[in-house]
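One letter stands for each residue in the lines below.
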Amino acid sequence: MKSLYLASGSPRRRELLTQIGVPFTALSADIDETPLPDESPAAYVERLARDKAAAGHALIAAGQSAACVLGADTAVVLDGRILGKPLDQADAQSMLMALSDREHEVLTAIAVLDGQRCESRVVRSLVRFRAIGDDEAARYWASGEPCDKAGGYGIQGLAAVFVAGLNGSYSAVVGLPVCETAELLGHFGIPCWQNLAVR
Ligand SMILES: Cc1cn([C@H]2C[C@H](O)[C@@H](COP(=O)(O)OP(=O)(O)OP(=O)(O)O)O2)c(=O)[nH]c1=O
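Analysis parameters
- Residues numbered from 1 in each chain as written.
- Predicted model: local features only at pLDDT ≥ 70, side-chain atom pairs only at ≥ 80, totals over all residues.
- Heavy atoms only, no water.
- Near = heavy atom within 4 Å.
- Polar contact = N/O pair within 3.5 Å; in protein donor to acceptor, adjacent residues only side chain to side chain.
- Areas by Shrake-Rupley, 256 points an atom, 1.4 Å probe, with all protein chains shown as cover.
- Helix = DSSP H or I, 4+ residues; strand = E, 2+ residues; numbered from the N terminus.
- Nonpolar A, V, L, I, M, F, W, Y, C, P; charged D, E, K, R; others polar.
- UniProt positions renumbered as here; feature names shortened; annotations may be inferred.
- Buried < 20%, exposed > 50% of the residue type's maximum accessible area, 1.4 Å probe, protein only.
- Contact = heavy atoms within 4.5 Å.
- Salt bridge = Lys/Arg side-chain N within 4 Å of Asp/Glu carboxyl O.

Draft legend 1. Expanded view of the site of the ligand. Surveying the vicinity of the ligand reveals 20 residues, the closest of which are S8, G9, R13, K52 and K85. Within the contact set of the ligand, an oxygen atom lies 2.7 Å away from a backbone nitrogen or oxygen of G9. Between the ligand and the protein, one listed contact pairs an oxygen atom with a side-chain N or O atom of S10 at 3.1 Å. In the complex, the protein chains occlude 93% of the 610 Å² of accessible area that the ligand would expose alone. Put simply, the parts of the chain that give the shell around the ligand at least two residues each are α1 (11-19), β3 (68-78) and α5 (170-174). Examining the composition of the shell around the ligand, we find that 3 residues originate from one element, β3, more than from any other. For the shell around the ligand, the class distribution of residues is 6 nonpolar, 6 polar and 8 charged.

Draft legend 2. Quick peek at the UniProt feature "active site" (unreviewed entry) in the protein chain. Residues annotated by UniProt as "active site" (unreviewed entry) correspond here to D73. Relative to the assigned elements, D73 resides in strand β3. The buried category is assigned to D73, whose relative accessible area is 5%. Setting aside its immediate chain neighbours within four residues, D73 contacts R13, E33, Y44, V45, L48, A49, K52, L107, T108 and A109. A polar atom in the side chain of D73 sits 2.8 Å from the side chain of K52.

Draft legend 3. Representation of the UniProt feature "site: Important for substrate specificity" (unreviewed entry) in the protein chain in the model. Feature annotation in UniProt places "site: Important for substrate specificity" (unreviewed entry) on R12, T74 and Q156, given in this structure's numbering. Across 145 residues, the annotated set stays spatially compact, with a maximum C-alpha separation of 14.3 Å. Within the element layout of this structure, T74 appears in strand β3. T74 has contacts with R13, V45, V106, L107, T108, A150, A172, V173 and G175, leaving out every residue within four places of it along the chain. Engagement of the side chain of T74 in a polar contact is seen with the side chain of R13, the distance being 2.9 Å. Along the chain, Q156 turns up in the loop between α4 (134-142) and β7 (163-167). Judged by relative accessible area, Q156 falls into the partly exposed class, the value being 34%. Among residues more than four places away in sequence, those in contact with Q156 are R12, K149, Y170 and V174.

Draft legend 4. The arrangement of the pattern of salt bridges in detail. Applying the stated criterion to the full structure yields 12 salt bridges. As a salt-bridge pair, E39 and R47 come within 2.7 Å of each other at their nearest N and O atoms. The partner of D114 in a salt bridge is R117, and the shortest N-O contact between them spans 3.8 Å. D114 gets classed as buried once you look at its relative accessible area, which sits at 6%. Since its relative accessible area comes to 35%, R117 is described here as partly exposed. The network of salt bridges with shared partners includes K2, D114, R117 and E119.

Structure representation (structure tokens):
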């Protein structure tokens, strides 16, 4: 069976891949995340997921070139505008206030590359936040949770209390759509549930 590398520094992605019983080695692959002129948010996340997989593949020693590399990228999108990771407290609070009392999109792309071919998918989810007060946004920033997350929130953490509705994939919002990831890895001969002892 091919070995799998996850080109991601995100602890959430590592946890989600572990959850579905796929053994892997994590790599940190740095890429340029600047959007291209007129690039749509979906095209942007898909390009970044593919670039992360390619950068990860380039890090693997020559003898491992048949291995598969998985890359992923998540963006929070409001009115067609990408909200990245917050730059500072003011940025984080203004993002949260913009997301308050309405619906936004979360796009997560995954890409798998084995040196021969690359396959990718974009998963779209809709998340609706309840109304959020200024003081709440300030307290949320103080928790430390928003700083390394797209859109400045973590659905799997304290921000769960803001989520009035979700239509789509919860795991994709967290950072790795497990259903689509298992399917894509299957195309490369990598099964999920490898940690399951069947009696
Ligand atoms: C919306 C949302 C994002 N996130 C996280 C997932 C990603 O780690 C991050 C989005 O940034 P990304 O640039 O997609 O990923 P990353 O820089 O953290 O990791 P890497 O590129 O090395 O794979 O935001 C959550 O943890 N919960 C959420 O609810």
